[in-house]
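Chains, contacts and geometry: an overview
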Amino acid sequence: MRLPHELGEWVAQQRWYGGKGSEPVLERIGGWQAGDDEVVISTHYLLDHSDGGSTLYQVPLTERAHPLGTLAPIAVVEGRYLYDAPHDPAYAATILDLILHERPAGHARGHRQPGAGHVTVASSAVLTGEQSNTSIICRVDDGAPVIMKVFRALHHGGNPDVVLQSAIAATGSTLVPRSIGYVSGEWPAPSLPGGLARGHLLFAQEFLPGAEDAWRIALRAAHRLIDFSAEAHALGRATAEVHATLATALPTREAQRADIDSILESMRARLNGACHEVPALRELHDEIDTVFEAAREAEWPRLQRIHGDYHLGQVLSIPGDSFVLVDFEGEPLRPMAERSEPDVTLRDVAGMLRSFDYAAGSVLLETAGAVTAHDWASAARHAFVDGYIEASGRDIRQNRALLDAFEIDKALYEVVYEARNRPSWIDIPTAAIRRLAERSGR
Ligand SMILES: Nc1ncnc2c1ncn2[C@@H]1O[C@H](COP(=O)(O)OP(=O)(O)O)[C@@H](O)[C@H]1O
Ligand SMILES: O=P(O)(O)O[C@H]1O[C@H](CO)[C@@H](O[C@H]2O[C@H](CO)[C@@H](O)[C@H](O)[C@H]2O)[C@H](O)[C@H]1O
């Protein structure tokens, strides 16, 4: 199918488009079709040459002979209406059917998680809000609702979101939503042996109605300075339990010198990248480097799979007061190959500690001088670590040098993330880097 010229402009406006500010230069390198004569569903793999061809996007479109209610088409080509597929109910129904019946569609194929029941989509809607991917919530006739995540940037190899959540769910753990299945696909990749890449395209899991993300809950508490220690403690416990489950379900290994060198190398690359993008950080470069050097000499725990982009927004609080973790895809700005390696659990601990600081930081953005927000964060941070130690039996306070390095590393990631997406928030991670670097230098 010929792609409409309007598509590039449309892609540029999407939240999931990574090349902010630049105009996409898209080349279709493959795709597949499903559906029927009435609604053709075509998934396109579009390589963006505006970033040197390093990002491949998945863009599913539906094609209809007649307009679909009030939904605005992306384009009308030769009398056919082209829609962003996740907004077309035919797409969700067809994809769920592929998954539950493990059907092929071109080079793509649905896979059902063992034990997942059959359901039929009654209605679907795209989840609103800021997301790196596109999630569709499906109400079903005969069971619990389903959330289907369409991965927008495609990568060769298993997507950690699917691999990790499916592995955790398969143990019977209730700390992640029940998995339903996924769609995998393949596309041309001349640099790979055989010239083909294989990866996950979509992931379906149970949608938990009534769940509220812990970021919003923490933010409410931080604004009113309501102590969050009990919740943070429970979250520390849940985090340790998920780590323990991942360590039994997926491979672990001793941290070798080469692993340590490679993690430190990537921390330094991040430091240099952040100093380049945010020159105000340059004066802290050497102090930060000293923190990283201290981490090299520290004792490193066994490596295992971890969440990888852990913050309060990745935790859902469900009625009945328990926590469920989602979005194990890792940091969107980090290469997928790195995200799929066994890593240090302290990276997740550091991510969540940063998140408490973010909640306090966002209060300070609105209420200058509300210094007590720092005490709020400090209590939550201590409680989180206590809960983690209690459930893991590991006194991670002994790993202070490593934890400091991972916290600074996360804050450097955040500085770049904010500079690109939310410049008015940049002071939150910058202030934290300054504090951590100065504290460690003492
Ligand atoms: N199984 C689920 N049940 C209820 N809400 C969910 C579920 N999975 C995700 N969400 C909601 O959708 C949001 C976005 O999902 P996420 O996996 O983080 O997507 P993205 O990769 O686009 O950031 C989450 O913060 C959460 O609020
Ligand atoms: O889109 P993702 O959920 O994968 O994560 C990205 O966006 C997050 C912002 O939504 C960003 O998180 C940062 O801001 C949060 C508050 O909005 C805060 O709780 C986190 O601690 C902070 O890191 C995340 O880093 C980024 O990968």
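Residues numbered from 1 in each chain as written. Chains lettered and ligands numbered in written order. Predicted model: local features only at pLDDT ≥ 70, side-chain atom pairs only at ≥ 80, totals over all residues.

So the rule is basically this: UniProt positions are given in the numbering used here, feature names are shortened, and annotations may be inferred rather than shown by experiment.
Going by the annotation in an unreviewed UniProt entry, the name recorded for the protein is Maltokinase, with Galbitalea soli given as the source organism. Quoted verbatim from the Sequence similarities (unreviewed entry) field of UniProt, the annotation for the protein is "Belongs to the aminoglycoside phosphotransferase family." Per UniProt, the protein has the following entry under Catalytic activity (unreviewed entry): "D-maltose + ATP = alpha-maltose 1-phosphate + ADP + H(+)".

Some points on the environment of Ile263
Condition: Numbering goes from the N terminus for both helices and strands, where a helix is a DSSP run of H or I of at least four residues and a strand is a run of E of at least two.
By the secondary structure assignment, Ile263 is in helix α6 (residues 257-277). Each C-alpha atom of the pair Ile263 and Met352 lies 19 Å from the other, and the pair is 89 residues apart in sequence.

Some remarks on the site of ligand 1
Rule in force here: Only the C-beta atom, placed from the backbone, is used; a residue is near a molecule or strand if that atom lies within 6 Å of it. Ten residues, namely Ala, Val, Leu, Ile, Met, Phe, Trp, Tyr, Cys and Pro, are considered nonpolar, four, namely Asp, Glu, Lys and Arg, are considered charged, and the remaining ones, Gly among them, are considered polar.
The full set close to ligand 1 counts 19 residues, and Gln131, Asn133, Pro177, Leu208 and Asp327 are the nearest of them. For the shell around ligand 1, the per-class residue count stands at eight nonpolar, six polar and five charged.

A word on the site of ligand 2
Around ligand 2, a shell composed of 15 residues is seen, among which Ser132, His311, Leu312, Ser355 and Tyr358 lie nearest. Broken down by secondary-structure element, the contributors of at least two residues to the shell around ligand 2 are α9 (345-366) and α11 (400-421). A total of three residues in the shell around ligand 2 trace back to one element, the largest contributor, which is α9. Taken together, the residues that form the shell around ligand 2 break down as five nonpolar, four polar and six charged.

As for the sheet that holds strand β10 (residues 146-150)
The condition is simple: Here the rule is simple: two strands pair whenever DSSP picks up at least two bridges between them. Here the contact rule is simple: place C-beta atoms from the backbone, and any two residues whose C-beta atoms are within 7 Å are in contact. To get an axis, a line is fitted to the C-alpha atoms, and for a helix only the part in contact is used. The angle between two axes follows their N-to-C directions and goes from 0 to 180 degrees.
What the seven strands build is an open sheet, ordered β6-β7-β12-β13-β10-β9-β8; its pairing is antiparallel. Two strands lie at the open edges of the sheet, namely β6 (104-105) and β8 (121-126), each paired on one side alone. As paired strands, strand β7 (residues 108-112) and strand β12 (residues 179-188) are joined by four bridges and run antiparallel to one another. Across the sheet, Arg112 pairs through a bridge with Gly181, a residue of β12. The strands touched by helix α2 (residues 89-100) within the sheet are β6, β7, β8, β9 (134-140), β10, β12 and β13 (196-206), with β12 carrying the most contacts at an inclination of about 95°.

Considering the sheet that holds strand β15 (residues 315-318)
On the basis of which strands lie adjacent, the open sheet formed by three strands has the order β14-β15-β16 and antiparallel pairing. On the outer flanks of this sheet lie β14 (212-213) and β16 (322-325), each paired with one strand and no other.

Focus on the confidence of the model for the protein
Keep this limit in mind: A residue's pLDDT is the predictor's confidence in that residue, given on a scale from 0 to 100.
Within the protein, residue pLDDT values average 93, and 98% of them lie at 70 or more. Across the protein, element-level confidence peaks in β7 with a mean pLDDT of 98 and bottoms out in helix α8 (residues 336-339) with 87.

A few points about the nonpolar core
Taken as a class, soluble globular proteins show a tendency for nonpolar side chains to be buried jointly. What counts here: For our purposes the nonpolar core covers buried Ala, Val, Leu, Ile, Met, Phe, Trp, Tyr and Cys residues that link as a set through C-beta atoms within 7 Å. Our exposure labels follow a C-beta count within 10 Å of each residue's own C-beta, placed from the backbone: buried means 20 or more other C-beta atoms, exposed means 12 or fewer, and partly exposed covers the counts in between. Each domain's extent was defined by an automatic or database domain assignment.
In terms of nonpolar packing, the biggest core is built from 67 residues, with Ala359, Phe384, Ile408 and Ile433 touching the most fellow members. Of all the elements, α9 adds the most residues to this core, at ten residues. Counting contributing residues per domain, this core is built from domain 1 (6-206) and domain 2 (212-441), each supplying no fewer than three.

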